[in-house]
Amino acid sequence: MAHGVEEGVAGGLAAEGEDGAADPARRGVAARLPTAALECFAAERERWALWLPVGTGAGVALYFGLPAEPLLWLGPGTVAACLPLLWLVRRRLAPVVLLLGLLSVALGFAAAQLHGVAADAPMLTRQLGPVQVTGRVLAVERQPTGTRLMIGEPTVDRLAPEAAPARVRLHLPAKVAPPEAGTVVRLRAMLHPPAAPAEPGAFDLQRRAYFEGFGAVGFVMGTPVAQEAPPPGGWRRVTVAFEQARAAIAERVRAVVADPAEASVTAALLNGDAAAIPGPMMDAFRDSGLAHLLSISGLHVGIAAGIVFWVVRALLALVPWVALRWPIKKIAALAGILSAILYTLLVGAPLPTLRSVLMTGLVMGAVIADRSPISMRLVAFAGIVTVLYDPEGMLGPSFQMSFAAVVALIAAFERFTPWAVRQRREMGWLGRGTMTLGGIAFSSVVATVATTPYGLYHFQQVAFYGVLSNMVAIPITTVWIMPFSLLSYLLLPFGLEGPAVTAMSWGVRLVIATAERTAALPGATAFLPAMPDAAIAAVTLGGLWLAIWTGRWRWLGLAAVVGGLVAPVFAPRPDILVSEDGTLMAVRSAEGMLSLSAASDGRIANSWRRRDGMEKPEEKAGQDVWPLAGVSLDGRLRCDALGCLYRAEGKTVALLRQPDALPEDCAMADVVVTAAPSRGCRAPLVIDRWRLRREGAHALYLSDKGIRVESVRGQRGDRPWTMGGRLPDGRAGGR
C-alpha cells in the first residue's frame, strides 16, 4: 500500500511534466525529492506509531497556545469524528495515517480542554487580609526559611463559601512549629492571588496554580490553632497518611544525621521533598548538573525497582524447590512493579515519577511476558498516558527534561548496543570493566546533551561539567545510596533505620562534595538569554526526528536542533521592561546590559535578570540601578527627581517617578510609562496604572521601524487562569 502512495505521487508529478509547463531539469528534481521522501517514510513503517505521542503533545501545546478558550465540543468532537472516518477508510493507508495523526492531536487537545474545565475553581483577584482561615492541612513542606502549608477546602472570613479557593498555599515562619498533615487548623493570614508572569513569556504561576487547585497564596500571622474535626475519609485519608509518612521520615533522618544540609539532602532522596535543602547547596547542585538527583524521577524509580527485582530473584533462587517449580524471574518482576508503585506514592507522585513508574511497569511487564524490556514503544506509551493524565505538566521542566533524557538514551541504546555486544564477546574482564565505565560516561553525555536545551529554556543556565559530575555521582547513587535507602524503608517501621540512614548519608556526603567542587571549577556554568518558544519547539521536533527515524534522513533533524540552539543569540531582548504595578522598570544600555529603576532582589527583578542571561542575579541587586539624577547608560538615560527620559533608536520614552511630570512628558515623548493614572495624556503610547492592571507587565522593543509592545495578557490571551479569562460556557474562569 505504501508503494501505491509513492506511485500515485510520482505518477502525478510525471503527468505534470508531460504538459511541458516547466523546465525539464527542474521537473526532474521536483519529481525526485517527494518520491525519495515517500520511500524513506515507507521504509520506516515500524516507527510510524512512535509519532502518536508527539501528535498528542502537539494538541496540548496547541490548546495552551490559543489566545482564548475554544468551544468545549471542539476537541472531543474532533476525536469523535475521527473514529468513524477511520473505520470507513481502514483499507487505504494514506488516509488512515493522516487520520491517526489528526486523532492524536485532537486527543491531546481534548484532554487539555477537559482538564481545564475540571480544574476550574475560585481564585482570588485581589489582596485580602488579615483574615481568619480554617481548613485541613493537606501537605507540609519544610523550607530553609520556614514551612509551606497547603490548606484544603478553607473557610475564609469575608469571603462567601462559593468564592473561597479550593486550596490556599501559605508560608509559616521558621519559628512556628508546623501542624501535622491531616489536622484541621484555624489561623490568621494575609492572602493574595498567585503571581502573574514577571514579563511576557516568563514562568506562569497562575496557570500552574489553576491546574494544581490552589487559588490563593500568602503567609501566616501568628500560630495555627488545631480544631476538633473528624478524620479525613476516602482517598484523602490515603494521601494524608503518605504525607504524614514523609514528615516522619524527615524527622527520623534529622535525628540521625547531624549536619542539617546533609540531612535535608538525605531526606529528599527518601521522601521526595527537596524544599528544605539550603539555597547555596541547591545552587551547587544546579551549577554542577546534579540537580536531577534531588528530583525523584526515572533514575531513582528504576534503581529501586531493579534492586528489588534482583534481591527477590536471588532470594528465591536460594531455595531449589522454589527455583525449579516457580517462575522466579516473573515473580521478581511483579515485586519490582509493586515496589515502584509504593515508592511513587511515598515520594508524592510527581510527574516524572509517574512517567517512570509507568515505564518500569511496562519493562517488568515485558519481562513477565518474555518480551524485550527496553523499547521506544514503551516510552511512547508512557508519554501518551502521562500527557493525558496531566496536560499542563507537559509544559514544565520536569516532564520535558525527563522525557528528553529517556528518549535520547533509548535511541542511543538502539544504535550502539549491537556494536557493544559484539565487542564485549571478544574482551576479557578488564576490557568489560572499561566498557562498563565507558557506558556510564556515554550515558551521562547523552543525557546531558539531551536535557541541556530544556535547562536553557526554563532556567537560562547550562552546566559545562555535568558529564564529569554525573560520572562520579550516579555510580555512588546507584551502588551505595539507593540500596541503603531501600534498607532504610524496610527498617523504618521497626525504628531500626539508624545504621542504614547513617550509611546512606555517607554516600550523600560524597555526592554533595562532588556537587560543590564541580560548581567551584572555573567556568562551571554559563547563563544565556531566554530561549524563544519557537526555538525550543524546533529543538524538540528536530531531536525527535533524530531519535525516532533510523534511516539517513534522520540527520535532517540536526538542522532544526542547531537552529533552535542558536536562536537565543539572535532573538531580540526588550529595551524596556515594566512590572505589573509600574513600580519597577528596567532599560537596556548600548552594551546590552539591563539596569533597574530601584534596588531589588525580589521575584520580578531576579526573573528579569535571569531571563536576560545575567549570572547569579540574586547577587546583582543594587549594582544595576538608575541614578537619582544625571546621565547614565551611555547617554541614553537622563534622570531627575520626577523621572527619567530614555532615548534610543530615535525614540523617546518617559519613565515617570512622580505624576507631576505628566504634562511636560506627554507633550514630547513617544511613550509615557507611569504607575499613576494618565489623566488625558496625549502621547502616542501611554502605559499607565489602568493599562498595567488590565494587561500586566509590559516589554517594549525599540527600533528604527517603530516601537513594538508586548504585554503579559497579550502573550497569554484571555484564559480561565488569567484573572479575567472565560470558560467556553461564558463563565469567568477562576471564579
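The structure this text deals with has already been given above.
Notes on the structure follow. (Residues numbered from 1 in each chain as written. Predicted model: local features only at pLDDT ≥ 70, side-chain atom pairs only at ≥ 80, totals over all residues. Heavy atoms only, no water.)

1. Regarding the nonpolar core
And then number 1: Ranked by internal contacts, the top residues of the largest apolar core, which has 48 residues, are Val253, Val265, Phe285 and Tyr489.
And then number 2: Ignoring any residue separated from it by four or fewer positions in sequence, one finds valine 253 in contact with Ala263, Thr266, Ala267, Leu270 and Val501.
And then number 3: One finds Phe214, Met376, Phe403 and Ala547 within the second-largest nonpolar core, a separate group that totals 38 residues. (Core = buried A, V, L, I, M, F, W, Y, C linked by side-chain atoms within 4.5 Å. Buried < 20%, exposed > 50% of the residue type's maximum accessible area, 1.4 Å probe, protein only. Contact = heavy atoms within 4.5 Å.)

2. Examining helix H19 (residues 533–548)
And then number 1: With 16 residues, H19 extends 22 Å between its outermost C-alpha atoms, agreeing within 8% with the 22 Å of an ideal straight helix rising 1.5 Å per residue.
And then number 2: Residues of H19 that are buried: Ala535, Ile536, Val539, Gly542, Leu544, Leu546, Ala547 and Ile548.
And then number 3: Those residues of H19 that are buried lie in contact with helix H3 (52–64), helix H14 (376–389), helix H15 (397–425), helix H16 (429–459) and helix H20 (557–570). (Helix = DSSP H or I, 4+ residues; strand = E, 2+ residues; numbered from the N terminus. Expected span 1.5 Å × (residues − 1).)

3. Observations regarding empty space enclosed by the protein
And then number 1: Across all of its chains, the model carries two cavities of 30 Å³ or more by this definition.
And then number 2: Lining of the largest cavity is provided by 10 residues; of these, Leu269, Leu293, Thr477, Ile481 and Val511 occupy positions nearest its centre.
And then number 3: If you list the elements that add at least two residues to the lining of the largest cavity, you get helix H8 (260–271), helix H17 (466–491) and helix H18 (498–519).
And then number 4: Along the walls of the second largest cavity sit Ala119, Asp120, Ala121, Pro122, Met123, Ala209, Tyr210, Gly213, Phe214 and Gly215, which together make up its complete lining.
And then number 5: A breakdown of the residues in the lining of the second largest cavity according to their chemical character gives seven nonpolar, two polar and one charged. (1 Å grid on protein atoms, 1.4 Å probe; cavity = no way out; pocket = protein on both sides within 12 Å on 5 of 7 lines; lining within 4 Å. Points joined across faces, edges and corners; volume = space filled by probe spheres on them. Nonpolar A, V, L, I, M, F, W, Y, C, P; charged D, E, K, R; others polar.)

4. Side note on the packing of H16 against H19
And then number 1: Running from amino to carboxyl end, H16 crosses H19 at an angle of 165 degrees, the nearest separation of the two axes being 11 Å. Relative to H19, the element H16 is oriented roughly antiparallel. As H16 packs across H19, the resulting crossing turns out to be left-handed. In this structure, H16 contributes Pro453, Tyr454 and Tyr457 to the contact, and H19 contributes Asp533, Ile536, Val539 and Thr540.
And then number 2: The residue inventory of the contact of H16 with H19, partitioned by class, reads five nonpolar, one polar and one charged. (Axes fitted to C-alpha atoms, helices over the stretch in contact; angles between N-to-C directions. Parallel < 35°, antiparallel > 145°, perpendicular 65-115°, else oblique. Left-handed = near helix turned anticlockwise from the far one by under 90°.)

5. Quick notes on the state of the cysteines
And then number 1: Evaluation of the coordinates by the stated rule reveals two disulfides.
And then number 2: Between cysteine 639 and cysteine 644 runs a disulfide, and the two sulfur atoms are separated by 2.0 Å. Judged by the sign of its S-S torsion, about 110 degrees, the bond between cysteine 639 and cysteine 644 is right-handed.
And then number 3: On the basis of relative accessibility, which here comes to 6%, the residue cysteine 639 falls in the buried class.
And then number 4: Note on cysteine 644: relative accessible area 2%, which makes it buried. (Disulfide = S-S within 2.5 Å.)

6. Section: the pattern of salt bridges
And then number 1: By the definition in use, this model includes 24 salt bridges.
And then number 2: Here arginine 252 and glutamate 497 are joined by a salt bridge, their closest N and O atoms 3.1 Å apart. Taken as a pair, arginine 252 in helix H7 (residues 235–256) and glutamate 497 in the loop between H17 and H18 lie far apart in primary sequence, 245 residues in all.
And then number 3: Judged by its relative accessible area of 6%, glutamate 497 is buried.
And then number 4: Salt-bridge contacts for arginine 708 lead to glutamate 710; the nearest nitrogen and oxygen are separated by 2.5 Å.
And then number 5: Each of Glu199, Arg573, Arg588, Arg611 and Asp612 takes part in one network of salt bridges that share partners. (Salt bridge = Lys/Arg side-chain N within 4 Å of Asp/Glu carboxyl O.)

7. A few points about the packing of H3 against H14
The geometry of a pair of packed helices is captured by two quantities: the angle between their axes and the separation between those axes.
And then number 1: For the pair H3 and H14, interaxial distance at closest approach is 8 Å and the crossing angle is 20 degrees. As far as their axial angle goes, H14 and H3 are roughly parallel. In this structure, the crossing between H3 and H14 has a hand that is left-handed. In contact with Leu52, Pro53, Thr56 and Val60 of H3, H14 contributes Ala380, Ile384, Val387 and Leu388.

8. Quick notes on a nonpolar patch on the surface
And then number 1: Residues Trp310, Val311, Leu315, Leu318, Val319, Trp321, Trp326 and Ile331 make up a contiguous nonpolar surface patch of roughly 870 Å² in combined accessible area.
And then number 2: The greatest single-element share of the nonpolar patch, amounting to three residues, is contributed by helix H10 (residues 298–317).
And then number 3: For leucine 315, the location among the structural elements is in helix H10.
And then number 4: Its relative accessible area of 54% is what places leucine 315 among the exposed residues. (Patch = residues over 30% accessible without salt bridge, like charges linked within 9 Å, V, L, I, M, F, W, Y side chains within 5 Å. Areas by Shrake-Rupley, 256 points an atom, 1.4 Å probe, with all protein chains shown as cover.)

9. Quick word on the sheet that holds strand E17 (residues 698–703)
Whenever strands of a sheet pair, they do so through backbone hydrogen bonds, lying parallel or antiparallel.
And then number 1: The sheet built from five strands is open, its strands ordered E10-E9-E8-E17-E18 with antiparallel pairing. Bordering the open sheet on either side are strand E10 (594–596) and strand E18 (706–711), each of which pairs with just one other strand. On average, adjacent strands in this sheet sit at an angle of 20 degrees to one another, irrespective of strand direction.
And then number 2: The sheet strands contacting helix H21 (residues 603–611) are strand E8 (576–578), strand E9 (585–588) and E10, and the helix crosses E10 at an angle near 170 degrees. (Pairing = 2+ DSSP bridges.)

10. Focus: the sheet that holds strand E5 (residues 216–227)
And then number 1: Strands sit in the order E1-E2-E3-E5-E4 around a closed barrel of five strands; the barrel is mixed. Taken over all neighbouring pairs, the strand axes of this sheet differ in orientation by 50 degrees on average, direction set aside.
And then number 2: For strand E3 (residues 167–173) and E5, the ladder comprises four bridges, and the chain directions are parallel. Note on E5: the bridge partner recorded for arginine 169 is valine 217.
And then number 3: Along the sheet face, H7 touches strand E1 (128–143) and strand E2 (146–156) and points at about 65 degrees away from the line of E1.

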